[in-house]
Amino acid sequence: MDTRLNEVILAIVTTDSERVIHSSAPVFYARDEEERERVALLLSKITLGMVHDLANGCFVIVKH
Amino acid sequence: MENYGRILVSGIAVGSIGRLLLLRVDYRQYPSFPRGYVTHLVLGIIAAALGAIAVPALAEKEYTAVTFLALAAQQFREIRSMERDSLDRVDGTELVPRGSDYIEDIAKTFEARNYIAMVTALTVSLTVYLSGNIISGLLAGTMVFLSILLSLKGEKIGDIAHVIKAEISFDGPLLMVDGVVLMNIGLPKVRQKYLTRALAVRIIPRDDNARATLGNIGQRQALAHNAAIQLGIRKDVDEPEFTPIARRNTESGDIVLAIFAMEPDIECLVEAIKQTPVLESSKRKPLDSPAGRKAAD
């Protein structure tokens, strides 16, 4: 049987460390906007997840 | 016995030709060619043979032959589940899946086509038996075949809705089409691609029946699949951002769809959407009920 986790936040990429507290998903801090986008893209390619923007300096990678 | 030979051969021949005419390989590439084709052709011939053999068997007072037809029905149900299983299994490897409703619809069609072959063969053999004339058998068979075919002809999306070009915009990270939110797209480069090269349409239902039908999630998946197959889709497995999604405007019941197509031609997209079949399982007719009619006033 094929079991998957869908609609789950796989990772969080943020430039603002104060925005994320006690995350079950791994959090990646980025120094600036450029690094944030780069890390999010790389993570999405690794996990086959999708990058969503929370519009507060955080990207979340979600598997759909 | 010679007479029965004529009855059988003409029945089987017309029924099989009928099945062959229904086997078209179009953009769906279904049934697959050549193996899927052969499977269905052979099953069609068997169906025609079962239909054709019933009349001589009954003429010889072999009433148990009727159980043959029951066997045939069982056999055709098997065809439906065979189609369903095989399509279900490969659906996971599609860039834009068909969805279970579309698969069920295809499987039902294949089952029904075998019944058409059987009924056509039965008609031909019965007419040849009664009239003793092969030509009248052929005519009767053709008439029955065509009338069943016409009565089974399903609706297309173009029959129940208007399809027009729609505008793509962004509200922050939210991809919107004509004001309806489709999804949240994080990466600015992807947003830029959507703004410059993606296509979008709005599907406006003609009445309440169409609104209920288009709301069905399986029907919307079929729309996305058909659009992606015909226009080509710019997407790979590691780019879920480019999955075509059809969302519903909950105020008006309109459906909007955005697609990142290989061939960004809006007229072709509108045509592909219009030609998508209305799935049997998604069809709803609230206007046929007293409450639905009253509510629509």
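What you see as residue numbers is a count from 1 along each chain, following the sequence as written. All chains are assigned letters beginning at A, and all ligands numbers beginning at 1, according to the order in which they are written. Given that the model is predicted, a residue must reach a pLDDT of at least 70 before its local features are reported, and side-chain atom pairs must reach 80 or more before they are shown or counted; all residues, however, enter totals for whole chains, interfaces and linings. As a convention, hydrogens and water are excluded, and side-chain values are obtained from all of the structure's heavy atoms.

### A word on the overall build of chain A
Short version of the rule: Only DSSP runs of H or I with at least four residues qualify as helices, and only runs of E with at least two residues qualify as strands; both kinds are numbered from the N terminus onward. Each radius of gyration reported is based on C-alpha atoms, and the globular scaling rule is 2.2 Å times the count of residues to the power 0.38. Note on exposure labels: buried denotes an accessible area under 20% of the residue type's maximum, exposed denotes more than 50%, and partly exposed covers the range between, all computed with a 1.4 Å probe on protein chains only. Whether two residues touch is decided by their heavy atoms; if any such pair falls within 4.5 Å, the residues are in contact. Here, Shrake-Rupley sampling with a 1.4 Å probe gives the accessible areas, and only protein chains in the shown set may cover a residue. Charge assignment: positive for Lys and Arg, negative for Asp and Glu; neither His nor the chain ends contribute. Every charge is mapped to an atom, namely NZ of Lys, CZ of Arg, CG of Asp or CD of Glu.
Along the backbone of chain A there are one helix and four strands. The linear arrangement of helices and strands in chain A, starting from the amino end, is β-β-α-β-β. For chain A, whose C-alpha radius of gyration is 12 Å, the value lies close to the compact-globule estimate of 11 Å for 64 residues. Split into buried and exposed, the 64 residues of chain A put 36% on the buried side. Excluding contacts between residues fewer than 6 apart, the proportion of contacts in chain A whose partners are at least 24 apart in sequence is 36%. Working note: accessible area of chain A is about 4200 Å², and carbon and sulfur atoms make up 54% of it. Each charge sign in chain A was given a centre, from 7 positive and 10 negative side chains, and these centres are 6 Å apart.

### Remarks on the sheet that holds strand β4 (residues 58-63) of chain A
Residue and element names in this part refer to chain A. How we decide: Two strands qualify as a pair provided that DSSP identifies no fewer than 2 bridges between them. Lines are fitted to the C-alpha atoms to define the axes, a helix being fitted only along its stretch in contact, and any angle between axes, read from their N-to-C directions, falls within 0 to 180 degrees.
Pairing is mixed in the open sheet, where four strands are placed in the order β2-β1-β4-β3. Looking at the sheet topology across the chains shown, the edges are occupied by β2 (27-29) and β3 (50-53). Averaged over all pairs of adjacent strands, the angle between their axes in this sheet comes to 25°, without regard to strand direction. Of the strands in this sheet, β1 (8-14), β2, β3 and β4 touch helix α1 (residues 33-47), which is tilted by about 5° from β4.

### With respect to the interface of chain A and chain B
Note the cut-off: Computed with a 1.4 Å rolling probe, the buried area is the accessible surface lost when two parts are put together, summed over both parts. Put simply, a salt bridge is a Lys or Arg side-chain nitrogen that is within 4 Å of an Asp or Glu carboxyl oxygen.
Taken together, the contact pairs 12 residues of chain A with 13 residues of chain B. Around 1100 Å² of area is buried between chain A and chain B when both sides are counted, 61% of it from carbon and sulfur atoms. A per-residue breakdown of the area chain A buries against chain B is headed by K45, M50 and D53 of chain A, which together make up 44% of the total. For the pair chain A and chain B, the number of links is three salt bridges. Measuring nitrogen to oxygen at the nearest pair gives 3.6 Å for the salt bridge that ties D238 of chain B to K45 of chain A.

### Considering the pairing of strand β2 (residues 168-171) of chain B
Residues and elements named next belong to chain B. Two elements, β2 and strand β3 (residues 174-177), share four bridges in a ladder whose sense is antiparallel. Note on β3: the bridge partner recorded for S169 is M176. The turn joining β2 and β3, which pair antiparallel and follow one another in sequence, is formed by two residues; a positive phi near 65° is taken by G172.

### What to know about the side chain of R19 of chain B
Residues and elements named next belong to chain B. Mapped onto the elements of the fold, R19 is located in helix α1 (residues 2-22). Among buried charged residues, R19 stands out as having no salt bridge; its nearest opposite-charge side chain is E83, 7.3 Å away. If sequence neighbours within four positions are ignored, R19 has contacts with H40, G44, F110, R113, N114 and A117.

### Observations regarding unusual backbone geometry
All names here are of chain A. The phi dihedral of E7 falls on the positive side, at around 55°, and the residue is not glycine. By the element assignment, E7 lies in the segment before β1. On the basis of relative accessible area, E7 is assigned to the exposed category, the value being 56%.

### Here's the deal with the domain arrangement of chain B
Many structure descriptions define interface size as the accessible area lost when the parts assemble. All names here are of chain B. Under the convention used in this document: An automatic or database domain assignment supplies the start and end points of every domain. Think of a polar contact as two N or O atoms within 3.5 Å of one another; within protein, one of them needs to be a possible hydrogen donor and the other a possible acceptor, and neighboring residues in sequence only count if both atoms come from side chains.
Partitioning chain B into structural domains gives domain 1 (5-153) and domain 2 (158-285). The straight-line distance from the C-alpha centre of domain 1 to that of domain 2 is 35 Å. For the domain 1 and domain 2 pair, buried surface summed over both sides reaches about 1400 Å², with 59% attributable to carbon and sulfur atoms. When residues of domain 1 are sorted by the area they lose upon contact with domain 2, Y27, L95 and V96 head the list and together hold 43% of the total. Seen at the junction of domain 1 and domain 2, the total is one salt bridge. Between the two partners, domain 1 and domain 2, sit six residue pairs in polar contact (both at pLDDT 80 or more).

### Points about the pattern of salt bridges
Residues and elements named next belong to chain B. Across all of its chains, the model carries 15 salt bridges over all chains by this definition. Two residues, E167 and K165, come together in a salt bridge whose shortest N-O distance is 3.4 Å. Via salt bridges that share partners, R80, R84, E104 and E111 belong to a single interconnected network.

### Let's talk about the nonpolar core
In globular proteins that are soluble, nonpolar side chains generally tend to be buried together. All names here are of chain B. For clarity, the threshold we go by: Buried Ala, Val, Leu, Ile, Met, Phe, Trp, Tyr and Cys residues that are joined via side-chain atoms within 4.5 Å together make up what is termed a nonpolar core.
If you look at the biggest cluster of nonpolar residues, it comprises 27 residues, and the most contacted ones within it are I157, V201, I203, L214, L257, L269 and I273. Looking at this core, the elements that each hand over two or more residues are α6 (157-160), β1 (161-165), β5 (199-205), α8 (208-215), α9 (217-231), β7 (255-259) and α10 (266-274). Residues within four places of I273 in sequence aside, it is in contact with I157, V163, V201, I203, L223, A227 and L257.

### Considering the environment of V237 of chain B
Locating V237 of chain B in the fold gives a position in the loop between α9 and β6 (245-248). By relative accessible area, which is 57% here, V237 of chain B ends up exposed. The sequence separation of V237 of chain B and E94 of chain B amounts to 143 residues, and the corresponding C-alpha distance is 9.5 Å. Those residues in contact with V237 of chain B that lie beyond four places of it in its chain are L48 of chain A together with L95 of chain B.

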